[in-house]
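Remarks on the overall topology
Residues per chain are reported as follows:
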Amino acid sequence: MQIVIIGSGNVAYHMAKAFSLKKIPVLQIFGRNGEELKKISEELDIPYSNEYLENADLYIICVSDNSVESVSQLITKKDCLVAHTSGFLPKEILKGAYRKSSFYPLQTFSKSKELDYKKIPFFIETENEGDKQLLFEIASKISENVMESSHEKRKYIHLTAVFACNFVNHLFARAKEISDSQNIPFNYFLPLIDETVQKIYEIEPKAAQTGPAVRNDVRVLELHEQLLKDESLEIYKTMNHSIQKMYEL
Ligand SMILES: NC(=O)c1ccc[n+]([C@@H]2O[C@H](COP(=O)([O-])OP(=O)(O)OC[C@H]3O[C@@H](n4cnc5c(N)ncnc54)[C@H](OP(=O)(O)O)[C@@H]3O)[C@@H](O)[C@H]2O)c1
């Protein structure tokens with residue numbers, strides 16, 4: 001099985017690394033960013049090119065959602081399987097005379113952060129049973145949690161991930177802006193952040209809510225608003241409104 005990974009960003013790097021660790025041979029890592037490709041190639045000992053796309057049996061496209069369609073058109077081979085790694089896009093976004101699929105790893109990937117790949121849920125969608133078996137076989141070498149998912153369901157998995165990861169991380173970034181503005185070290189908050197996450201392993205998120213909004217401490221909410229401006233103030237008001245609606249306060 002000849003495999004090519006396309007892209008040189010966060011997911012391309014981690015997929016290439018996960019494959020390498022499990023000794024799944026990768027024929028080539030291909031993309032447009034020669035500098036990044038070279039770094040990945042040197043670290044993982046995988047040939048790379050930003051000019052010539054090798055002939056393969058399986059292409060895994062790991063580029064920005066906006067570019068998946070145009071990049072998929074670079075694959076002119078017919079008798080092959082092509083997968084994208086987007087949580088949101090349908091497999092039909094892939095434009096070519098090959099078999100289309102989706103290979104979605106539900107995790108947040110940054111090049112500089114190591115990951116335990118075996119815990120990552122993988123969601124797979126294919127056109128036929130043979131391709132499903134093939135992608136399950138590959139994903140199962142990397143992860144203990146491989147599932148099939150329709151596009152309809154995957155869209156909602158991705159949307160849930162945006163709330164559970166991307167928004168939460170944005171709140172960390174806004175929180176750090178506030179602590180930085182008062183020269184308060186952000187590491188004071190790390191035990192609190194750890195406990196917030198750990199708690200939902202044991203308690204439903206709705207039952208785990210604390211803070212002035214769920215207590216309906218109106219005076220505190222007003223005074224907090226006076227300390228904020230611009231986007232942070234808007235977020236503060238929106239979040240409190242959402243919390244109070246959820247608890248019918
Ligand atoms: N990051 C995550 O946590 C995560 C998790 C699950 C799934 N995904 C999905 O995985 C895919 C890749 O995401 P990512 O986070 O790895 O993105 P990323 O780190 O921003 O990297 C994007 C890659 O796409 C390349 N690219 C963009 N437009 C291109 C074009 N027109 N032609 C060729 N290459 C192009 C970029 O090349 P340049 O460096 O030249 O711009 C870069 O290598 C997306 O579909 C995303 O939805 C991401």
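Structure shown above.
What you see is a predicted model, and the numbers here were worked out from it, not measured in a lab. (Residues numbered from 1 in each chain as written. Predicted model: local features only at pLDDT ≥ 70, side-chain atom pairs only at ≥ 80, totals over all residues. Heavy atoms only, no water.)

1. Quick word on the side chain of His84
Applicable threshold: A helix here means a DSSP run of H or I that spans at least four residues, while a strand means a run of E at least two residues long, and both kinds are numbered starting from the N terminus. We define a polar contact as two N or O atoms separated by no more than 3.5 Å, with the added condition that, inside protein, one atom must be a possible hydrogen donor and the other a possible acceptor, whereas residues neighbouring each other in sequence contribute only through side-chain atom pairs. We call two residues in contact whenever any of their non-hydrogen atoms come within 4.5 Å of each other.
By the element assignment, His84 lies in strand 5 (residues 81-84). Within polar-contact distance, the side chain of His84 engages the backbone oxygen of Leu89 at 3.2 Å. Excluding residues within four positions of it along the chain, His84 makes contact with Ile61, Val68, Leu89, Pro90, Lys91, Ile93, Leu94, Ser101, Ser102, Phe103 and Arg154.

2. Here we look at a nonpolar patch on the surface
Rules: Surface patches are drawn from residues lacking salt bridges whose relative accessible area is over 30%; two like charges belong together within 9 Å, two nonpolar side chains (Val, Leu, Ile, Met, Phe, Trp, Tyr) within 5 Å. A 1.4 Å probe and the Shrake-Rupley method give the accessible areas. Residues count as covered only by the protein chains that appear here. In the sections that follow, a salt bridge refers to a side-chain nitrogen of Lys or Arg positioned within 4 Å of a carboxyl oxygen of Asp or Glu. We call a residue buried when its accessible area falls under 20% of the maximum for its residue type, exposed when it is over 50%, and partly exposed in between, using a 1.4 Å probe and counting protein chains only.
Residues Tyr156, Leu159, Phe163 and Phe167 make up a contiguous nonpolar surface patch of roughly 460 Å² in combined accessible area. Checked against the element boundaries, Tyr156 lands in helix 5 (residues 151-181). On the basis of relative accessibility, which here comes to 52%, the residue Tyr156 falls in the exposed class.

3. Details of the side chain of Ser179
Its place among the elements puts Ser179 in helix 5. Ignoring anything within four residues of it in the chain, the contact list for Ser179 reads Ile184, Phe186 and Phe189.

4. Section: the sheet that holds strand 3 (residues 48-49)
Which entries qualify depends on this criterion: Paired strands are those between which DSSP finds at least two bridges. Where helices are involved, their axes are fitted lines through C-alpha atoms of the stretch in contact, as for all axes, and angles between N-to-C directions lie from 0 to 180°.
The mixed open sheet is built from eight strands, whose spatial order is 3-2-1-4-5-6-7-8. Pairing within the sheet leaves two strands with one partner each, and these edge strands are strand 3 and strand 8 (146-148). Inspection of the sheet shows strand 1 (residues 3-6) paired to strand 2 (residues 28-30) by three bridges, in the parallel sense. The residue of strand 2 that forms the bridge with Ile6 is Phe30. Those strands touched by helix 1 (residues 10-21) are strand 1, strand 2, strand 4 (58-61), strand 6 (99-105) and strand 7 (122-125), and its axis lies near 155 degrees from that of strand 1.

5. Examining the pairing of strand 6
It is a general feature of regular strands that their side chains alternate between the two faces of the sheet. Most of strand 6 is tucked away, with six of its seven residues classed as buried. As paired elements, strand 5 and strand 6 share four bridges and run parallel to each other. Bridging across to strand 6, Val82 finds its partner in Lys100. As paired elements, strand 6 and strand 7 share four bridges and run antiparallel to each other. For Phe103, the partnering residue across the bridge sits in strand 7 and is Ile124.

6. Here we look at the state of the cysteines
Which entries qualify depends on this criterion: Any cysteine sulfur atom paired with another within 2.5 Å is treated as part of a disulfide.
Overall, the coordinates contain zero disulfides when judged by the stated rule. As a non-bridged cysteine, Cys62 has Cys80 as the owner of its nearest cysteine sulfur, 15 Å distant. Here Cys165 stays free of any disulfide, with the sulfur of Cys62 as its closest cysteine sulfur at 17 Å.

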